[in-house]
Amino acid sequence: MAVTDTNATERVEPEPAAAQDPSVSPVVDHGPVALHSPVPKVTRHAPAPSIDGQVNRAPRGVKLAKISKTGDRVFRALASTSGLTIILLVLFVGIFLLALALPSLRADQDNFLTSRNWTVAGNELRFGIAGLLWTTVLSSILAMAMAVPVAVGVALCLTQYLHMRAAAPISFVVDMLAAVPSIIFGLWGLIVLGPFLAPAGEWLINAIGWIPLFSKSVDPKGSVFVASVVLAIMILPIVMAISRDVFAQTPRDHIEAALALGATRWEVIRTAVLPYGRSGVISASMLGLGRALGETIAVMIILTTPAAGSPFSPSIFAGGETFASKIANNAAEFDSPSKTGAYIAAGLVLFLITFVVNAMARVIAERGAAKS
Amino acid sequence: MTKQNDAAQSDAAGAANRLVSSRVGLRRMRRQAIGLAALAALATLSLAACGSDPTSATEQPGGAEPGSSANASGLACPAGKLSAEGSSAQNNAITEVIADYNAECGDKATIEYNPTGSGAGIKSFYNSLVDFAGSDSALKTEEKDGVIEADKAKERCQNNPAWNIPMVVGPIAFAYNVDGVDKLVLNAETLAEIFNGTIKTWNDPKIAKLNSGAKLPSANITVFFRSDESGTTENTTKFLSKAGNGAWKDEPAKAWTGTGDGKNKSSGVAEATANTKNSITYIEWSYAKDNTLSMAQLDSGNGPVELTGDSVAKAVDEAKVKGSGNDLNLDLKYSGNKAGAYPALLVTYEIVCSKGLAADKTTIVKDFLTYFSSSDAQQKLPDLGYAPLPSELESKVQAAVAAIQ
């Protein structure tokens, strides 16, 4: 309280001058500070902007237009309808998935969560999502591990190191990456990146192949590793754009305070920019993860599918199928309700995973916001 | 405290600014809205104009007698719209034939074919969503998933049987990529053992026995298969199980049950085989040709046979007709074929109502299939990687099409 008082008294000094010429006076401190001001209230109000004065001086007989609330009502209705529609839409998608999947899930002879079989034609259904879940999660997390550091680096470079004039074209180029259709990424991954990365993969296998995660598998060109690199490139623009916007909003005060205390550029980033943007970067990563989990065409084109009944390999150099790629790959031959149901059941799991990921992003972002 | 005040104030200032700018924005929007409204009015006007055009256009020339404008090749060329759906194996063939038919008839009819897969096509057909279906296998007469396809189709055709009319013959190539081996001879049994993983290397004695003199490497065989469910896989496994002397034990199915690495669609399999040494795959002929892959010759008992349009037609010629009358459901002969016949193939049927489809649709179906089964259209198919129907079957097909009511 003491601080406010001194502030107020200090600011009083220019007041008399300002009072004489209202147009000069900036609109500083009304409100609570004014209450503490030792100067009479009238003079405090006099320097208000000239418009106020005119309104005050308006003749009494003028009728003000009726305040119409139609606009408010219409807009409110529109906005709440939109909100409701989205909720209903998600609800209906969930119900639709569940309704189609349930009969097949009931008829499933295997454990749906732990089986790696996928026999959905014929009378006996035997299917489970263990293999799909592993490939989906592995490829997405690997993609995130590669994309997030690069994205954060690019975002920091754009906001903290480069001049605006240089940064604008670069962020434009990265944003352009988001506009490339995923089929193009898929073909590029299959034809160019796969063969290019094969030697690197072989080197890794030779060096640390004794770890199951890096053990040798059949086709180096169509491995989860190649798919993850492509996924990483695909989610890079999302994570980068959000991180960039968050970093750009770091309060100038924080940065200048750090500089004033003698911090170097890196120390400014470490002490001011990164802590401020942390929750934003995390929710950006989660958005990227969501996209990686659901990515279909590129993964489908790149990944080699292991033959049915082949032994499970946890390696990133093995092939596999993700939920989305499996469904897309076989969508043309959904010829019986039980088969369709089995694929829809896999889709339902993906839906739930995405839900969980988004919820996690929400929680983390909110916790971060509360702290800052 | 001051900090909060400052913040509150700057917020207030910000809000004021936003208000002002939104007012400016409103004004701008209003101006835009007027422009938009004008545009919309224009659009509706022109749409209305467009809307009235085609109807009047079709009414005048096509109009009262659809059969009146018969052209040189004996086609009636009725006007109207036809939609079909099904097998993706015949997609290239039917797309080309539709284009040719439209060229012959001067674009009077609109025919659409949607390659959603055989199963989906049949389903859409018996649910009356499309006018005919394309399928790699004939309508099933036994129950599957609570549905008997043939009965459902009959129901759709107002209790008239639906016919399976063989139209496009798609040979299956066994494409390989082995350095230094220009000619490779295989038989169904060896293929079955390669595909189920019993034969693991190229210099296996069983392969060497069929290829005396060829320099076969000791490398492992990489098998590529279709990771998506496909009629090609089903027909290949049917061939392997019927001709493989028991080497292929699994039920023929759309999903691959053998060994190997799965690739997406024919294009993926072709790409993988082209770029992977010591690999082999089964694939439609057109893809093998387009990717200039080497193709194995098949020995089905009477010496090695190369895959050509003629050798495939010879094998189709040996097929027996299972169906009755004009229902030309084929029983293909997969082993013990005559010399010069290549039996690894799939036949795509057009599934049509023998009777009971709306009259205007029937005329187009009939006319289009008449063109499809004509020698003219069939002889163009080898360029696209399909084999033409052998002449005897061709005349049976033509008779069946003519009998559609």
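Throughout this document, residue positions are counted from 1 along each chain, in the order its sequence is written. Written order decides the labels, with chains lettered from A and ligands numbered from 1. Totals for whole chains, interfaces and linings use every residue, but because this is a predicted model, local features are given only for residues with pLDDT of at least 70 and side-chain atom pairs only at 80 or more, for both listing and counting.

Bringing the overall build of chain B into the picture now. Comment: elements are numbered from the N terminus, with helices defined as DSSP H or I runs of at least four residues and strands as E runs of at least two. If you tally the helices and strands in chain B, you get 13 helices and 14 strands. With C-beta atoms placed from the backbone, a residue is labelled by how many other C-beta atoms lie within 10 Å of its own: buried for 20 or more, exposed for 12 or fewer, partly exposed between the two. Counting every position in chain B, which comprises 405 residues, the buried fraction comes to 46%. Sequence separation of at least 24 residues holds for 73% of the intrachain contacts in chain B that already meet a minimum separation of 6. Here, residue contact means that the backbone-derived C-beta atoms of the two residues sit within 7 Å.

Another point: the overall build of chain A. The helix and strand tally for chain A stands at 15 helices and three strands. Residue burial in chain A is summarised as follows: out of 372 residues, 33% are buried. Within chain A, contacts between residues at least 6 apart in sequence are counted, and of these 76% link residues at least 24 apart.

Let's shift gears to the sheet that holds strand β5 (residues 185–186) of chain B. Paired through their backbone hydrogen bonds, the strands of a sheet run either parallel or antiparallel. Residue and element names in this part refer to chain B. By this definition, two strands are paired if DSSP reports at least two bridges between them. The sheet built from three strands is open, its strands ordered β5-β10-β11 with mixed pairing. The sheet is open, and its two edges are formed by β5 and β11 (304–305), each paired on a single side. The pairing of β5 with strand β10 (residues 297–299) spans two bridges and is parallel. Residue Leu 186 lies in a different strand from β10, and its bridge partner there is Leu 298.

Trans peptide bonds make up most of the peptide bonds, and negative phi angles are found at most residues other than glycine. Residues and elements named next belong to chain B. The residue Asp 107 is not glycine, and still its phi comes out positive at about 55°. In this structure, Gln 158 is a non-glycine residue whose phi angle is positive, near 50°. Within the fold, Gln 158 resides in the loop between α4 (149–156) and β4 (162–177). Residue Gln 158 is classed as exposed on the basis of its C-beta count, with 10 C-beta atoms lying within 10 Å.

Before going further, it helps to spend a moment on the pairing of strand β2 (residues 109–114) of chain B. Residue and element names in this part refer to chain B. With burial as the criterion, only one face of β2 is covered, namely that bearing Ala 109, Ile 111 and Tyr 113; the residues Thr 110, Glu 112 and Asn 114 on the opposite face remain uncovered. Looking at chain direction, strand β1 (residues 80–86) and β2 are connected through six bridges and run parallel. For Lys 81, the partnering residue across the bridge sits in β2 and is Thr 110. When the strands point away from the viewer, a crossover counts as right-handed if the route from the first strand across the helix to the second turns clockwise. After leaving β1, the chain enters helix α2 (residues 91–105) and then returns to the sheet as β2, a path that is right-handed.

Residues and elements named next belong to chain A. Here Ala 365 lies in helix α15 (residues 337–371). Remark: the alpha-carbon pair of Ala 365 and Phe 92, spanning 273 residues in sequence, is separated by 27 Å. Contact partners of Ala 365, with chain neighbours within four places excluded, come to Ser 279, Ile 282 and Ser 283.

Before going further, it helps to examine the pairing of β4 of chain B. Residue and element names in this part refer to chain B. Counting buried positions along β4 yields 16 of 16 residues, so the element is predominantly enclosed. In this structure, β4 lies alongside strand β14 (residues 345–353), joined through nine bridges in antiparallel fashion. Within β14, the position partnered with Pro 166 by the bridge is Tyr 349. By the bridge criterion, six bridges tie β4 to strand β8 (residues 279–284) in an arrangement that is antiparallel. Residue pairing for β8: Ala 175 is matched across the bridge by Thr 281. Alignment of β4 against strand β9 (residues 294–295), held across two bridges, turns out to be antiparallel. In the strand pairing of β9, Tyr 176 is matched with Ser 294.

In this section: the nonpolar core. Membership of the largest hydrophobic core comes to 182 residues, with the highest contact counts inside it found for Val 230, Ile 235 and Val 239 of chain A together with Ile 165 and Ile 351 of chain B. Top element by residues in this core is helix α10 (residues 224–248) of chain A. It accounts for 19 residues. Not counting the four nearest positions on each side in its chain, Ile 235 of chain A is found in contact with Ala 143, Ala 147, Gly 288, Arg 291 and Ala 292 of chain A. As used throughout, a nonpolar core is a set of buried Ala, Val, Leu, Ile, Met, Phe, Trp, Tyr and Cys residues joined through C-beta atoms within 7 Å of each other.

Tallying the contact residues gives 29 residues for chain B and 28 residues for chain A. Of all the secondary structure elements, the ones that give two or more residues to the side of chain B that touches chain A are α1 (2–59), α3 (118–126), β7 (261–263) and α8 (265–275) of chain B. Gly counts as polar in this scheme, as do all residues outside two lists: the nonpolar Ala, Val, Leu, Ile, Met, Phe, Trp, Tyr, Cys and Pro, and the charged Asp, Glu, Lys and Arg. Its residues placed into classes, the side of chain B that touches chain A shows six nonpolar, 14 polar and nine charged. With two bridges joining them, strand β3 (residues 305–306) of chain A and β7 of chain B adopt antiparallel strand pairing. Its bridge partner being in β7 of chain B, Thr 305 of chain A is matched across the sheet by Gly 262 of chain B.

Residues and elements named next belong to chain B. For Ser 137, the position within the fold is in the loop between β3 (132–135) and α4. The class for Ser 137 is buried, based on 22 C-beta atoms found within 10 Å. Considered as a pair, Ser 137 and Pro 166 are 29 residues apart in the sequence and their alpha carbons are 9.6 Å apart.

Below, the discussion takes up α4 of chain B. Residues and elements named next belong to chain B. Listed as buried for α4 are Glu 149, Ala 150 and Ala 153. The buried residues of α4 occupy an angular sector of 95° when projected down its axis, which confines them to one face. Looking at the buried positions of α4, the neighbouring elements they touch are α3, β4 and β14. Arc, as used here, means the arc of the directions from the helix axis to the C-beta atoms.

Moving on, we get to the confidence of the model for chain B. The predicted coordinates ought not to be read in detail in places where the model reports low pLDDT. Residue and element names in this part refer to chain B. Confidence of the predictor at the level of single residues is captured by pLDDT, which takes values from 0 to 100. Of all residues in chain B, 82% attain a pLDDT of 70 or more, and the chain-wide mean is 82. Counted against residues more than four places away or in other chains, residues 1–26, with its pLDDT under 50, gives seven contacts. Every residue in residues 34–69 is under pLDDT 50, and counting partners more than four places away or in other chains gives 10 contacts. Across the interface, the model reports ipTM at 0.71; the global pTM reads 0.74.

All names here are of chain B. Between N-to-C directions, angles span 0 to 180 degrees; the directions come from axes that are lines fitted to C-alpha atoms, helices contributing only their stretch in contact. Two elements in contact, α3 and α4, have axes separated by 8 Å at closest approach and are oriented at 35°. Two secondary-structure elements touch here, α3 through Ile 122, Phe 125 and Tyr 126 and α4 through Glu 149, Lys 152, Ala 153, Glu 155 and Arg 156. A breakdown of the residues in the contact of α3 with α4 according to their chemical character gives four nonpolar, no polar and four charged.

By this rule the span expected of a helix is its residue count minus one, scaled by 1.5 Å. With 30 residues, helix α12 (residues 265–294) of chain A should cover 44 Å at 1.5 Å per step; its first-to-last C-alpha distance of 38 Å lies more than 12% under that length. Bend at a residue means the angle formed by two fitted axes: the first through the 7 residues ending at that position, the second through the 7 residues beginning there. Considering bend angle alone, the principal kink of α12 of chain A is centred on Arg 278 of chain A and spans about 50°.

Once that is clear, we can look at the confidence of the model for chain A. All names here are of chain A. Of the residues in chain A, 82% reach a pLDDT of 70 or more, and the chain-wide mean stands at 82. Contacts from residues 1–35, a stretch scored under 50 in pLDDT, to residues over four places away or in other chains number 36 contacts. Predicted confidence for residues 37–48 stays below pLDDT 50, and this span has 18 contacts to residues more than four positions away or in other chains.

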